[in-house]
Amino acid sequence: MIAVDWGSSNLRAYRLGADGTILEQRRADLGVLSCDGRFAEVLARQLDGWDDTRVMMCGMIGGRGGWMEVPYVECPAGEREIAAAIVALEGGTPALAERELLIVPGMIDQTSSEVADVMRGEETQIIGLLDRLGDGDHTVCLPGTHSKWVDIRGSNIVSVQTTMTGEAYALFRNQSVLARLMAADEPPLHVPAFDEGLRRSGDAGGLLHHLFGVRTMALLGRLSRTQSPSYLSGLLIGHELRGQDPHPSRVHLIGNDRLQVAYARALEVFGIQVQRHSEDLAAAGLHRLAMVKA
C-alpha cells in the first residue's frame, strides 16, 4: 500500500509493507496550493516506480481547492467513523489507471464553541498514535502553519481547536515592519530570547501590544537581528499556550523536529509534560484506516 500525506505546502509519500512498516519514503515541496490543479500529474510522478495499487491519501488534497472535497466527519468520532467516510477518487492520468485512489475525510468540531473548527490530515496522524496512548483522556498538539489542539477520550477525537500561530509568525516575520529588524535567513532558536517572549506573553496589554514591543526592543538594542525571530516565536507560542484553558498536565506533540524543539521548550517552561512523536504517524494512520475499511 502507498500512503500519501498531501498538505498545503508539501507532499509526503510512503511505500508500506503489509504490517504498515515504512519501506520507502519520498518528500516534495509540492503542496496542494502549488499544483495548479495538476494533482494527477504530480502524484503519478511522485509514485513512479512504486507498483502498489492501493493509494490512501489524507490532508488538504481532500479539502476545498484540493483534488476532491471530501465531507468532514463530525466530532466525536474514531477510526471506524473516519474509515466509513473515505471516498474513492475517479479519473486521473493513464499512469494512475491501475491504482485505487482513496481520500480520507477531515473532521469538524461544531460543539466545543460557537464557531466551528476543522482539520484535515491531523486526524490521520492521531489515528496512527492511538495504539501508543492507551485508555483515558489525552491532549495532542500538532504545531504548524495552523496549529491544532485535539482532545481524545478513549479512542475518539472529541474536540479540535486551531490557532494560526505559524501563519502569524510568517506574516510578521517576513511582511511586516518587524521584518526590517530581523536577519533575512532563519537563525537557530535563541533560547534566552525565546524564553523572554514566552514570559512577555503573560504580561498585561494583549498580543497586539506585545507585538509592537518586538520593534521597540530591537530599536533599543535589547534584541539583535538574530534574536528577534526567536523572541517573536516565543511571544506567539506563549499566547497560544495561555489560550489553552485549563492547561493540560501532559501533551503529545506531533510535528517536525524544528517545531518540536520550540513547542517542547515552551510546554516545559509552562510546567507541562511532553511526549514527542514523529510527523510520519500519518503513514501509520493511513495503514490503520485501510485495515479498518477493508
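Residues numbered from 1 in each chain as written. Predicted model: local features only at pLDDT ≥ 70, side-chain atom pairs only at ≥ 80, totals over all residues. Heavy atoms only, no water.

### Structural notes on the pairing of strand β4 (residues 54-58)
Argument step 1. Most of β4 is tucked away, with five of its five residues classed as buried.
Argument step 2. Side-chain alternation along β4 places Arg54, Met56 and Cys58 on one buried face and Val55 and Met57 on a second face that is also buried.
Argument step 3. Sheet topology places strand β1 (residues 2-6) next to β4; four bridges connect them, and they run parallel. Each residue of the ladder has a partner; that of Asp5, found in β4, is Cys58.
Argument step 4. For β4 and strand β7 (residues 100-103), the ladder comprises four bridges, and the chain directions are parallel. Within β7, the residue paired with Met57 across the bridge is Ile103. (Buried < 20%, exposed > 50% of the residue type's maximum accessible area, 1.4 Å probe, protein only. Helix = DSSP H or I, 4+ residues; strand = E, 2+ residues; numbered from the N terminus. Pairing = 2+ DSSP bridges.)

### Description of unusual backbone geometry
Argument step 1. Here the residue pair Cys75 and Pro76 is connected by a cis peptide bond, since its omega of -5° sits within 30 degrees of zero.
Argument step 2. If you trace the backbone, Pro76 turns up in the loop between β5 (73-74) and α2 (79-84).
Argument step 3. For the bond from Asp245 to Pro246, the omega torsion is 0°, close enough to zero to count as cis.
Argument step 4. Here Pro246 lies in the loop between α7 (228-242) and β13 (250-255).
Argument step 5. Backbone geometry at Asp36 places phi at a positive 50°, although glycine is not the residue there.
Argument step 6. Position of Asp36 among the secondary structure elements: in the loop between β3 (22-28) and α1 (39-46).
Argument step 7. Given the relative accessible area of 67%, Asp36 is considered exposed.

In short, geometric facts, not functional conclusions.
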